[in-house]
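Given next are the chains, with one letter for each unit.
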Amino acid sequence: QVQLVESGGGLVQAGGSLRLSCAASGRTSSRNGNGMGWFRQAPGKEREFVAAVTSSGTSTNYADSVKGRFTISRDNAKNTVYLQMNSLKPEDTAVYYCAANLGGLTASSRYAYRYWGQGTQVTVSS
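Residues numbered from 1 in each chain as written. Predicted model: local features only at pLDDT ≥ 70, side-chain atom pairs only at ≥ 80, totals over all residues. Heavy atoms only, no water.

(A) Main features of the sheet that holds strand S3 (residues 18-25). Sheet architecture is open: four strands sit in the order S1-S3-S8-S7, paired in antiparallel fashion. The open sheet has two free edges, formed respectively by strand S1 (3-7) and strand S7 (70-75), since each of these has just one partner strand. Going from strand to strand, the sheet's axes swing by 15° on average, the running direction of each strand aside. The pairing of S1 with S3 spans five bridges and is antiparallel. Across the sheet, residue glutamate 6 finds its bridge partner in S3, namely cysteine 22. (Pairing = 2+ DSSP bridges. Helix = DSSP H or I, 4+ residues; strand = E, 2+ residues; numbered from the N terminus. Axes fitted to C-alpha atoms, helices over the stretch in contact; angles between N-to-C directions.)

(B) Broad picture of the state of the cysteines. By the definition in use, this model includes one disulfide. For cysteine 22, the disulfide goes to cysteine 98, at an S-S distance of 2.1 Å. Looking down the S-S bond of the cysteine 22 and cysteine 98 bridge, the torsion is -80°, so its handedness is left-handed. Here the residue cysteine 22 occupies a position in strand S3, and cysteine 98 occupies one in strand S9 (residues 94-101), the gap between them amounting to 76 residues. Cysteine 98 sits in the buried class, given a relative accessible area of 0%. (Disulfide = S-S within 2.5 Å. Buried < 20%, exposed > 50% of the residue type's maximum accessible area, 1.4 Å probe, protein only.)

(C) View of the pattern of salt bridges. Tallied over the entire structure, the rule returns five salt bridges. Ionic pairing is found between glutamate 48 and arginine 40, a salt bridge with its closest N-O pair at 2.7 Å. Classification of glutamate 48 as partly exposed rests on a relative accessible area of 37%. Between arginine 40 and aspartate 92 there is a salt bridge, and its shortest N-O distance comes to 2.9 Å. Linking arginine 40 in strand S4 (residues 36-41) with aspartate 92 in the loop between strand S8 (80-85) and S9, this pair joins segments that are 52 residues apart in sequence. Residue class for arginine 40 comes out buried when judged on its relative accessible area of 6%. (Salt bridge = Lys/Arg side-chain N within 4 Å of Asp/Glu carboxyl O.)

(D) Summary view of unusual backbone geometry. The phi torsion at asparagine 79 lies on the positive side, around 50°, for a residue other than glycine. As for its position among the elements, asparagine 79 is in the loop between S7 and S8. The backbone phi angle of serine 87 is positive, close to 50°, even though this residue is not glycine. By the secondary structure assignment, serine 87 is in the loop between S8 and S9. Note on serine 87: relative accessible area 41%, which makes it partly exposed.

(E) Up close: the nonpolar core. In this structure, Leu4, Trp38, Leu83, Met85 and Tyr96 are the most contacted members of the largest nonpolar core, which totals 34 residues. When neighbours within four sequence positions are excluded, tyrosine 96 is seen to be in contact with Glu6, Leu20, Trp38, Phe39, Arg40, Val50, Phe70, Leu83, Met85, Gly119, Thr120 and Val122. (Core = buried A, V, L, I, M, F, W, Y, C linked by side-chain atoms within 4.5 Å. Contact = heavy atoms within 4.5 Å.)

Laid out in structure tokens, this is it:
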């Protein structure tokens, strides 16, 4: 029902930056109170939490591994969530997924999220 589409992934050298975008459409979206999150999954690894933002955009939550380097934000008028990634490291290489929960919270568990995007590949070379 809800569609989430990520974009902005690519190949970048270590220390570089990328900005990911997640465009939402459908009956249930951040405009109706959805908290939004970013997760990532590398080959052979479990999907892990990266960052989340409340429905209002006033509160955020980050994994320890990305604090100080990544910034999550949202523009509810455009139904879009962003992830600014700076000082990228090879260990950041993964498929990045956008997700929406139903409570407007900054949940870190993947099981709190109802809707998921297709994912966008981020590759950081050394």
